[in-house]
Amino acid sequence: MQNETIIRCQQLIPGQLGFDYKGKALDLELGRGEVISIIGPNYSGKGNWLRTICGLEDQSAGKVYLEGIDSSDISAEDWAKIRMSIAYLHEDTALLSAANGLMNVLIPALYHRLDEAPEKPLLAERALNLLEEIDPQINLDELPAYLTKVHQYKIAVARALLLGPDVLALNNPFAHFNSDSKHQFQVFIENQVKNGLSLIMVTHDISYALDISDKIIFVSREDLFYFDSKQAVFDCDIPIVNKFINLQGNQVSA
Amino acid sequence: MSVTQIANILTGWPGRQLIGQVLYVINLVTFSTLALRDWFSKNRVFNSRSYSTTVAQIIFTGVDALPTISFLGLATGFIFTFRLISITNSLGGTEDIIDLLITIICLSVGPFLAAVIIISRTGSAIVVDLGNMKLHGEIEALENMGININDYLVAPRIISTAISQLAITVYFTVIALLTGILISALFVNPSHFTLILKISNAFTPYLVSIFVIKNIIFGYVIATVACYNGLRVRSSATEVPQRTTASIVQSLSFVFVIDSLLTLAIFI
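Residue positions are counted from 1 within each chain, in the order its sequence is given. Chain letters and ligand numbers both follow the written order, the letters beginning at A and the numbers at 1. In keeping with the model being predicted, local features are shown solely for residues with a pLDDT of at least 70 and side-chain atom pairs are shown and tallied solely at 80 or more, while totals for entire chains, interfaces and linings include all residues.

*Asks:* Is there a simple way to explain the overall build of chain A in this structure?
*Replies:* When helices and strands are counted, chain A shows 9 helices and 10 strands. C-alpha atoms define the radius of gyration in this analysis, and the globule rule sets the expected value at 2.2 Å times the number of residues to the power 0.38. A compact globule built from 254 residues would reach a C-alpha radius of gyration of about 18 Å, and chain A, at 18 Å, matches this within 12%. Seen along its three principal axes, the alpha-carbon backbone of chain A occupies a region of about 55 × 45 × 35 Å. Here contacts are defined at the residue level, using C-beta atoms placed from the backbone and a cut-off of 7 Å between them. Contacts in chain A between residues at least 24 apart in sequence constitute 71% of all its contacts with a sequence separation of at least 6. A run of H or I in DSSP counts as a helix once it spans at least four residues, and a run of E counts as a strand once it spans at least two, with each numbered from the N terminus.

Structure representation (structure tokens):
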């Protein structure tokens with residue numbers, strides 16, 4: 001199941017890091033059902049790396065292949081399909097302020113005419129099921145301005161998932177959660193991964209990132225390092241990585 | 001005037017302003033052409049989301065504006081139509097009444113006042129709406145989901161505003177004419193009731209074409225200027241009122257210029 005490569009990066013360096021990066025370029029393959037986490041200190045450009053991997057920012061070097069298509073040579077039609085299949089969300093992803101919770105989830109799917117696909121009838125029913133699964137407490141009749149940040153974020157995730165993506169790219173996904181609601185959301189995300197969704201995320205929840213990820217990329221302003229397991233992170237003798245893990249204190253344990 | 005003098009003017013302040021305005025018009029034409037191209041290329045005339053956006057905009061611009069339009073139509077009928085008929089009647093030039101009413105009320109005052117209402121009401125609303133969407137990251141989020149902003153937000157607003165401009169001008173003009181004719185028939189000369197029939201007979205296909213084209217151009221330009229300014233908002237909340245003001249001023253200027261050019265084209 002994990003053989004199909006959805007995102008492939010070759011010698012990639014983001015173009016909008018905002019500082020002079022002299023470290024290694026990124027070589028990466030994200031297969032179906034895989035989880036990759038990007039971790040590292042603050043202001044190390046993790047978000048830029050993620051956005052560049054997703055094809056949303058230009059690179060200064062290297063190539064990104066999204067669903068097999070070179071990101072620098074994408075037609076408008078392919079662009080729409082890729083944006084549906086590689087869903088990028090940051091912690092404050094905006095909802096449409098003039099539409100209620102349910103319509104926010106439905107509008108992109110309706111725009112892409114998913115309601116007309118013969119095998120996918122009852123789009124609204126699927127949206128309601130998805131929202132029920134993600135959080136039954138969300139008031140779907142309210143406008144986003146009257147919802148909590150957590151509910152807004154969950155609606156944004158449901159909106160992206162209704163488009164049937166292959167990859168969910170999450171930038172700092174747990175920023176607005178408390179510990180209880182974060183755990184529920186993490187379980188939801190893990191279930192999606194079990195069902196074949198690929199996940200690539202930038203997070204400050206290092207413990208969760210190390211637990212769930214198949215690959216871990218440590219990014220600093222000077223360099224980046226690859227790890228293929230949690231144990232590899234703890235076993236490495238790279239000072240900046242060791243220092244970062246130690247700074248996380250009792251949050252992370254081998 | 002020598003070539004050097006012309007070059008000096010073009011490189012001086014007036015020249016820069018002129019070049020700036022020409023480039024701005026080119027930007028607007030390109031912007032609206034791309035929006036309509038994306039709309040038609042996706043064949044979304046009756047697609048559920050774009051269609052409903054278009055209908056919602058028509059309701060806001062056309063239907064919701066009817067009370068204001070009705071009031072202004074009644075006032076215009078009293079101020080312009082009735083006075084035109086009275087003055088022409090007192091001068092003995094009853095033959096000219098029809099021409100005057102068609103030229104002034106139907107082809108000039110009606111489209112212009114309807115355009116002013118749409119600029120102040122719909123144009124400003126479009127700028128604030130799109131400006132706030134841009135400011136709050138809603139447009140970025142839509143684009144990240146593969147939604148074409150031209151197709152989903154811009155083109156429906158341009159098309160529906162053009163349609164609404166035409167519809168409310170028809171409504172406004174009918175009210176303004178009927179009000180003026182009724183008042184003059186009641187207070188000046190009952191035979192003026194026949195003006196209603198005479199005006200409808202005098203409206204040739206040529207005049208109807210001019211009326212339709214003029215209003216559609218007005219609506220098209222007003223919405224294009226509004227969408228363009230709304231999407232130029234970048235990251236500060238203060239840009240929204242600035243862009244709104246700019247849109248109103250620019251739309252009014254364009255309406256004046258287009259009205260003048262069309263008048264010249266038609267009557268010279």
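*Asks:* Quick question: what am I supposed to make of the overall build of chain B here?
*Replies:* Scanning chain B for helices and strands turns up 10 helices and 0 strands. Across its three principal directions, the C-alpha atoms of chain B cover 65 × 60 × 35 Å. Here the C-beta atoms are placed from the backbone, and a residue counts as buried if at least 20 other C-beta atoms lie within 10 Å of its own, exposed if 12 or fewer do, and partly exposed otherwise. Classification of the 268 residues of chain B by burial places 41% in the buried group. Counted over contacts in chain B with a minimum sequence separation of 6, partners at least 24 positions apart contribute 86%.

*Asks:* Would you take a moment to explain the sheet that holds strand β9 (residues 215-219) of chain A for this structure?
*Replies:* One key point about sheets: their strands pair by backbone hydrogen bonds, in either a parallel or an antiparallel sense. Residue and element names in this part refer to chain A. By the convention used here, strands pair only if DSSP detects at least 2 bridges between them. Pairing within the open sheet is mixed, and its 6 strands lie in the order β6-β7-β8-β3-β9-β10. The sheet is open, and its two borders are formed by β6 (86-90) and β10 (224-227), each paired with just one other strand. Adjacent strand axes in the sheet meet at a mean angle of 15 degrees when their direction is disregarded. Of the pairings in the sheet, the one linking β9 to β10 comprises 4 bridges and is antiparallel in character. Note that in β10 the partner of I217 across the bridge is Y226. Helix axes are fitted to C-alpha atoms over the stretch in contact, other axes to C-alpha atoms as well, and angles between N-to-C directions run from 0 to 180 degrees.

*Asks:* Looking at this structure, I do not really get the pairing of strand β1 (residues 5-14) of chain A. What am I missing?
*Replies:* A regular strand places its side chains on the two faces of the sheet in alternate fashion. Residue and element names in this part refer to chain A. Pairing geometry for β1 and strand β2 (residues 26-31), over 5 bridges, is antiparallel. Its bridge partner lying in β2, T5 is registered against G31. As defined by bridge partners, β1 adjoins strand β4 (residues 59-66) across 6 bridges and the pair is classed as antiparallel. Residue pairing for β4: P14 is matched across the bridge by Q59.

*Asks:* Is there a simple way to explain the nonpolar core in this structure?
*Replies:* Soluble globular proteins tend to pack their nonpolar side chains together in the buried interior. As used throughout, a nonpolar core is a set of buried Ala, Val, Leu, Ile, Met, Phe, Trp, Tyr and Cys residues joined through C-beta atoms within 7 Å of each other. If you look at the biggest cluster of nonpolar residues, it comprises 127 residues, and the most contacted ones within it are I86, A158, V167, A169 and I200 of chain A together with I222 and C227 of chain B. Here I200 of chain A is in contact with L30, I36, L50, I53, V167 and A169 of chain A, once residues within four sequence places are set aside.

*Asks:* Whenever I open this one, the sheet that holds β2 of chain A confuses me. Can you help?
*Replies:* Across the sheet, which stays open at both edges, the 4 strands sit in the order β2-β1-β4-β5 (chain A) with antiparallel pairing between neighbours. The open sheet terminates on both sides in strands that have one partner only, identified here as β2 and β5 (69-70) of chain A.

*Asks:* Even after reading the chapter, I still don't get the packing of helix α2 (residues 13-41) of chain B against helix α7 (residues 149-187) of chain B, so can you show me in this structure?
*Replies:* To characterise two packed helices, one gives the angle between the axes of the helices and the distance between these axes. Residues and elements named next belong to chain B. Remark: α2 packs on α7, axes separated minimally by 8 Å, with the N-to-C direction vectors making an angle of 110 degrees. By the angle between their axes, α2 is roughly perpendicular relative to α7. When you trace α2 past α7, the crossing you get is left-handed. Counted together, S32, L34, A35, L36, D38 and W39 of α2 and N150, D151, V154, A155 and I158 of α7 form the full contact between these two elements. In this classification, the charged set is Asp, Glu, Lys and Arg, the nonpolar set is Ala, Val, Leu, Ile, Met, Phe, Trp, Tyr, Cys and Pro, and all remaining amino acids, among them Gly, are polar. Looking at the contact of α2 with α7 residue by residue, the class counts come to 7 nonpolar, 2 polar and 2 charged. Roughly parallel covers angles under 35 degrees, roughly antiparallel covers those over 145, roughly perpendicular covers 65 to 115, and oblique covers all other angles. Crossing handedness is read from the near helix: turned anticlockwise from the far helix by less than a right angle, it gives a left-handed crossing, and turned clockwise, a right-handed one.

*Asks:* How should the environment of L130 of chain A be read in this particular structure?
*Replies:* Residues and elements named next belong to chain A. With respect to the element layout, L130 can be found in helix α4 (residues 123-134). Taking the C-beta count within 10 Å as the criterion, L130 has 18 such neighbours and is therefore assigned partly exposed. Sequence-wise, L130 and F234 are 104 residues apart; in three dimensions their C-alpha atoms are separated by 37 Å. In this structure L130 touches A158, L161 and L162, once residues within four positions along its chain are discounted.

*Asks:* Where do I start with the interface of chain B and chain A in this structure?
*Replies:* Where the parts come together, the accessible area they lose is often given as the size of the interface. Across the boundary between the two partners, chain B contributes 12 residues, which contact 19 residues of chain A. Within the residue set of the side of chain B that touches chain A, elements represented by two or more residues are α3 (48-63) and α6 (138-144) of chain B. Counted by class, the side of chain B that touches chain A contains 4 nonpolar, 6 polar and 2 charged residues.

*Asks:* Just checking my understanding: could you explain the environment of E190 of chain A for this structure?
*Replies:* Residues and elements named next belong to chain A. Within the fold, E190 resides in helix α6 (residues 179-194). The class of E190 is partly exposed, set by 16 C-beta atoms lying within 10 Å. Taking the C-alpha atoms as reference points, E190 and F19, separated by 171 residues in sequence, lie 34 Å from one another.

*Asks:* Would you mind going over the pairing of strand β3 (residues 35-39) of chain A with me for this structure?
*Replies:* With 5 of 5 residues buried, β3 of chain A lies mostly within the body of the structure. Here β3 of chain A shows a buried face lined by V35, S37 and I39 of chain A and a second buried face lined by I36 and I38 of chain A.

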